Amino acid sequence: MPASAMNGQMEMDVPAPRARAGVRVSPAFGLAAPATLFVLLGLVAPLALMFRYSLNRFVPGQMMVEALTLANYQKFFSDSFYQEVLGTTLWVSALSTALCLLAGFPVAYALVRHAGPKWKPRLLILIILPLLMGNAVRTAAWMVILGDKGLFNAALGSVGLSAVKLMYTPTAVVIGLVSVMLPFMIVTLQSVLEGIDENLEAAAASLGAPHGVVLRRVVLPLALPGLLAGTMLCFILSMNAYATPVLIGGPTFHMMAPTVYQQVAKAMNWPFGAALAFVLMAVTLFLTTTANVLVQRHYRKWSE
């Protein structure tokens, strides 16, 4: 038999390799696995450890004793002082977020609709520029402005008005929080308003709708996801603010984040500080989730 025929016969006799049996891993899972592992190790594991600390007992001189008790949470719900701290945190955060929304929407709308291509990038840089500085630096600047002998009272005195007490007051804390959160609100709303077709507003105006009606019936429903995102972002950041309440609010003004720090770093009561942190996180998560569900429900109705 010729050699070529023998080689052909041997190739035909060799069985084809069988596909290996097993579970086929999706490429998406392979891409998401490193990030998922990083989140689990960097976020979920510390939270789980902190929750375990919140179930321990605090003994002066020993700092923390291993236990499984809800005494730290019971202490929060039975002590009116800490409930007042949470209430102060809620109304200050809600007021700061509402002011950011009222002040940020007109700026974002003007930036999208009225600023030309030459000025829009420059104005956006000016809005983002304060974010390049730390919160403590910006808060220190407000201390200079709002102090008893600061720039604000100096301006009042130059026009013959009496000085007002702003430093170490809730009003000063709200002003400081609004100045910190306002760029986040403007940037979030600006990105959403960019996606709304300007022809929709022109069509509504051509049908005789005033500009206020166009904003209320056309722009606001379409911008609702951005309004929700900006509101949730500012509210969460305000609820967890530390530098502004400490530096501007003073020692008699209490919010949850500084109170957590005091329990952990000064009183060395790690279990109760961890419990306070989880109460703050639970309240913030509940409120933002509830607001998201309600807004999404109304958005679906408007879309229909």
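Source: prediction; values computed, not measured. (Residues numbered from 1 in each chain as written. Predicted model: local features only at pLDDT ≥ 70, side-chain atom pairs only at ≥ 80, totals over all residues. Heavy atoms only, no water.)

Peer 1: Mind showing me how you'd approach the packing of helix α9 (residues 198–206) against helix α10 (residues 211–222) here?
Peer 2: Working note: a packed helix pair is described by the angle between its axes plus the distance between those axes. Taken N-terminus to C-terminus, the directions of α9 and α10 make an angle of 160 degrees; their axes are 10 Å apart at the nearest point. As judged from the angle between their axes, α9 and α10 are roughly antiparallel. For the crossing formed where α9 meets α10, the hand is right-handed. Counted together, Leu 200, Glu 201, Ala 204 and Ala 205 of α9 and Val 214, Val 218, Val 219 and Leu 222 of α10 form the full contact between these two elements. Grouping the amino acids of the contact of α9 with α10 by side-chain chemistry returns seven nonpolar, no polar and one charged. (Axes fitted to C-alpha atoms, helices over the stretch in contact; angles between N-to-C directions. Helix = DSSP H or I, 4+ residues; strand = E, 2+ residues; numbered from the N terminus. Parallel < 35°, antiparallel > 145°, perpendicular 65-115°, else oblique. Left-handed = near helix turned anticlockwise from the far one by under 90°. Contact = heavy atoms within 4.5 Å. Nonpolar A, V, L, I, M, F, W, Y, C, P; charged D, E, K, R; others polar.)

Peer 1: Looking at this structure, I do not really get the side chain of Ser 93. What am I missing?
Peer 2: Summarising the element assignment, Ser 93 is placed in helix α4 (residues 80–113). Judged by its relative accessible area of 0%, Ser 93 falls in the buried class. Polar contacts involving the side chain of Ser 93 include one to the main-chain amide nitrogen of Met 239, which spans 3.3 Å. With residues up to four places along the chain from it excluded, the contact list for Ser 93 reads Phe 235, Ser 238, Met 239 and Met 255. (Buried < 20%, exposed > 50% of the residue type's maximum accessible area, 1.4 Å probe, protein only. Polar contact = N/O pair within 3.5 Å; in protein donor to acceptor, adjacent residues only side chain to side chain.)

Peer 1: Explain the pattern of salt bridges to me, please; I cannot follow it from the model alone.
Peer 2: Opposite charge on two side chains makes pairing possible when the charged atoms of those side chains draw close. Overall, the coordinates contain four salt bridges when judged by the stated rule. With its nearest N and O atoms 2.8 Å apart, the salt bridge here joins Glu 201 to Arg 113. Remark: Arg 113 occurs in helix α4 and Glu 201 occurs in helix α9; sequence separation between them is 88 residues. Taken as a pair, Glu 201 and Arg 113 share a single burial class, namely buried. A salt bridge links Glu 194 to Lys 120, with the shortest nitrogen-to-oxygen separation between them at 3.2 Å. (Salt bridge = Lys/Arg side-chain N within 4 Å of Asp/Glu carboxyl O.)

Peer 1: Help me out: how do you make sense of the packing of aromatic side chains in this one?
Peer 2: On inspection of all chains with the given rule, the structure shows seven aromatic pairs. Between the aromatic rings of Phe 76 and Phe 77, the centroid separation amounts to 5.1 Å while the plane-to-plane angle is 85 degrees, which identifies the pairing as edge-to-face. Between Tyr 242 and Tyr 261, the aromatic rings sit 5.3 Å apart at their centres with planes inclined by 65 degrees, giving edge-to-face as the arrangement. In this pair, Tyr 242 sits in the loop between α11 (224–239) and α12 (243–249) while Tyr 261 sits in helix α13 (residues 256–266), placing the two residues 19 residues apart along the sequence. For Tyr 261, a relative accessible area of 40% puts it in the partly exposed group. Joined through ring pairs, the aromatic side chains of Phe 81, Tyr 82 and Phe 272 make up one cluster. (Phe/Tyr/Trp six-rings, centres within 6.5 Å; stacked < 30°, edge-to-face > 60°.)

Peer 1: Even after reading the chapter, I still don't get α13, so can you show me in this structure?
Peer 2: Those residues of α13 that fall on the buried side of the exposure criterion are Met 256, Ala 257, Pro 258, Thr 259, Val 260 and Gln 263. Phi turns positive, to about 60 degrees, at Met 268, one or two residues after α13.

Peer 1: Help me understand unusual backbone geometry in this model?
Peer 2: Note: most peptide bonds trans; most residues except glycine with negative phi. The phi dihedral of Tyr 168 is positive, around 60 degrees, even though this residue is not glycine. Along the polypeptide, Tyr 168 turns up in the loop between α7 (151–158) and α8 (170–193). The exposure class of Tyr 168 is partly exposed, given its relative accessible area of 43%. Positive phi values are uncommon outside glycine, yet Met 268 reaches one of about 60 degrees. Position of Met 268 among the secondary structure elements: in the loop between α13 and α14 (270–303).

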